[in-house]
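# Examination of the molecular architecture
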Amino acid sequence: PSRILDAATELFFKQGYEHVTVDAVVAKAGGSKSNVYKHFGGKQGLLFAVVERESAALRKPLAEIDVAGLPLDAALRLIAKTFLRIIYARNTVALHRLVISQSGRFPKLASIFFANGPDGSTVTVARLFKAWQQAGALIRSRDPAILARQFLDLAKINEHSRLLLGLKPAGSKEHDRMVEEAVRTFMSGARSISREK
């Protein structure tokens, strides 16, 4: 099944769902059509399996970062840079475009992508934020999930939209500047202060 999924992922990303056939997937992966239907039920099942697997993989780099012992601003900087590497990756952009192109036809597809990808990333970062709240580094009265979503949105600004539209992304210096601005803005509004009630 993994070879079939790998082949389907590559073809869906390069050609789009509409232009890929089960025969093309089998020709690339090897095996037989009956194997595809046995494991995935057909082309639509392949699409759902690809989106579920690829979107779940998006949050893995965030889950693996180690911020232990880092000052808050350095930890936020690491989170932001890791997140940007995820959303700027060619496969991430291709996955997002694939979901957008087919979500009108398959509404559950968008839910799978969002639950595993964007929401999964938010949950991962929210766990770190909650720990910082408990340690007194961040404002305790705020919902850590909302704080996480706000920070990740600050980090990506409008760059993600540019990538989805096929526009040229900003250079590395601009990305670094965006990260610094996100960290500075977030800390000015969410960092815990002794006067907090």
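One can find the structure itself at the top, above this paragraph.
Report on the accompanying structure. (Residues numbered from 1 in each chain as written. Predicted model: local features only at pLDDT ≥ 70, side-chain atom pairs only at ≥ 80, totals over all residues. Heavy atoms only, no water.)

### Examining the overall build of the protein chain
- For the protein chain, the helix and strand inventory stands at 12 helices and 0 strands.
- N-terminal to C-terminal, the α/β element order of the protein chain is α-α-α-α-α-α-α-α-α-α-α-α.
- With 197 residues in all, the protein chain has 41% of them scored as buried.
- Taken as a whole, the protein chain presents about 10,900 Å² of accessible surface, with 53% of it coming from carbon and sulfur.
- Mean positive and mean negative side-chain charge positions of the protein chain (30 and 18 charges, respectively) differ by 1 Å. (Helix = DSSP H or I, 4+ residues; strand = E, 2+ residues; numbered from the N terminus. Buried < 20%, exposed > 50% of the residue type's maximum accessible area, 1.4 Å probe, protein only. Areas by Shrake-Rupley, 256 points an atom, 1.4 Å probe, with all protein chains shown as cover. Lys, Arg positive; Asp, Glu negative; His and termini not counted. Charge placed at Lys NZ, Arg CZ, Asp CG, Glu CD.)

### Things to note about the pattern of salt bridges
- Taken as a whole, this structure holds 12 salt bridges when the rule is applied.
- The closest approach of N and O atoms between E54 and R53, which form a salt bridge, is 3.1 Å.
- When its relative accessible area of 17% is taken as the criterion, E54 is described as buried.
- Residue classification places R53 among the partly exposed positions, given a relative accessible area of 28%.
- Across the salt bridge formed by K60 and E64, the nearest N and O atoms sit 4.0 Å from each other. Of this pair, K60 and E64 are both found in helix α5 (residues 60-64), 4 residues apart, which corresponds to roughly one turn of the helix. You'll find K60 and E64 in the same group, each marked exposed.
- Connected via shared salt-bridge partners are D6, R53 and E54. (Salt bridge = Lys/Arg side-chain N within 4 Å of Asp/Glu carboxyl O.)

### Some words on the packing of aromatic side chains
- Summed over the entire model, instances satisfying the criterion amount to 7 aromatic pairs.
- Arranged with centres 5.9 Å apart and planes meeting at 70°, the rings of F48 and F106 form a pair that is edge-to-face. Pair noted here: F48 is in helix α4 (residues 43-58) and F106 is in the loop between α7 (90-102) and α8 (107-116), with a separation of 58 residues, a long-range link. Comparing F48 with F106 shows no difference in burial state: the two are buried. (Phe/Tyr/Trp six-rings, centres within 6.5 Å; stacked < 30°, edge-to-face > 60°.)

### Topic: the environment of V26
- In this structure, V26 sits in helix α2 (residues 22-29).
- Residue V26 is classed as buried on the basis of its relative accessible area, which comes to 13%.
- Separated by 26 residues in sequence, V26 and E52 place their C-alpha atoms 20 Å apart.
- Not counting the four nearest positions on each side in its chain, V26 is found in contact with G31, S32, K33 and V36. (Contact = heavy atoms within 4.5 Å.)

### Notes on the nonpolar core
- Counting 61 residues, the largest nonpolar core has F12, L46, L76, I79, F129, W132 and F151 as its most contacted members.
- With 10 residues, helix α6 (residues 72-88) is the largest single contributor of residues to this core.
- Residues in contact with F12, not counting those within four places in the same chain, are Y17, V20, K43, L46, L47, V50 and L98. (Core = buried A, V, L, I, M, F, W, Y, C linked by side-chain atoms within 4.5 Å.)

### Digging into α2
- Residues V22, V25, V26 and A29 constitute the buried set of α2. Looking down the long axis of α2, one finds its buried residues gathered within 95° of arc, a one-sided arrangement.
- Turning to α2, the residues buried within the fold contact α1 (2-15), α3 (33-40) and α4.
- Of the residues one or two after α2, G30 is the one with positive phi, at around 85°. (Arc of directions from axis to C-beta.)

### Overview of the packing of α7 against α8
- The geometry of α7 relative to α8 is characterised by a closest axis approach of 8 Å and an angle of 150° between their N-to-C directions. By the angle class used here, α7 and α8 are roughly antiparallel. Each of L95, H96, V99 and Q102 in α7 lies in contact with α8, whose residues at this interface are L109, A110 and F113.
- For the contact of α7 with α8, the class distribution of residues is 5 nonpolar, 2 polar and no charged. (Axes fitted to C-alpha atoms, helices over the stretch in contact; angles between N-to-C directions. Parallel < 35°, antiparallel > 145°, perpendicular 65-115°, else oblique. Nonpolar A, V, L, I, M, F, W, Y, C, P; charged D, E, K, R; others polar.)

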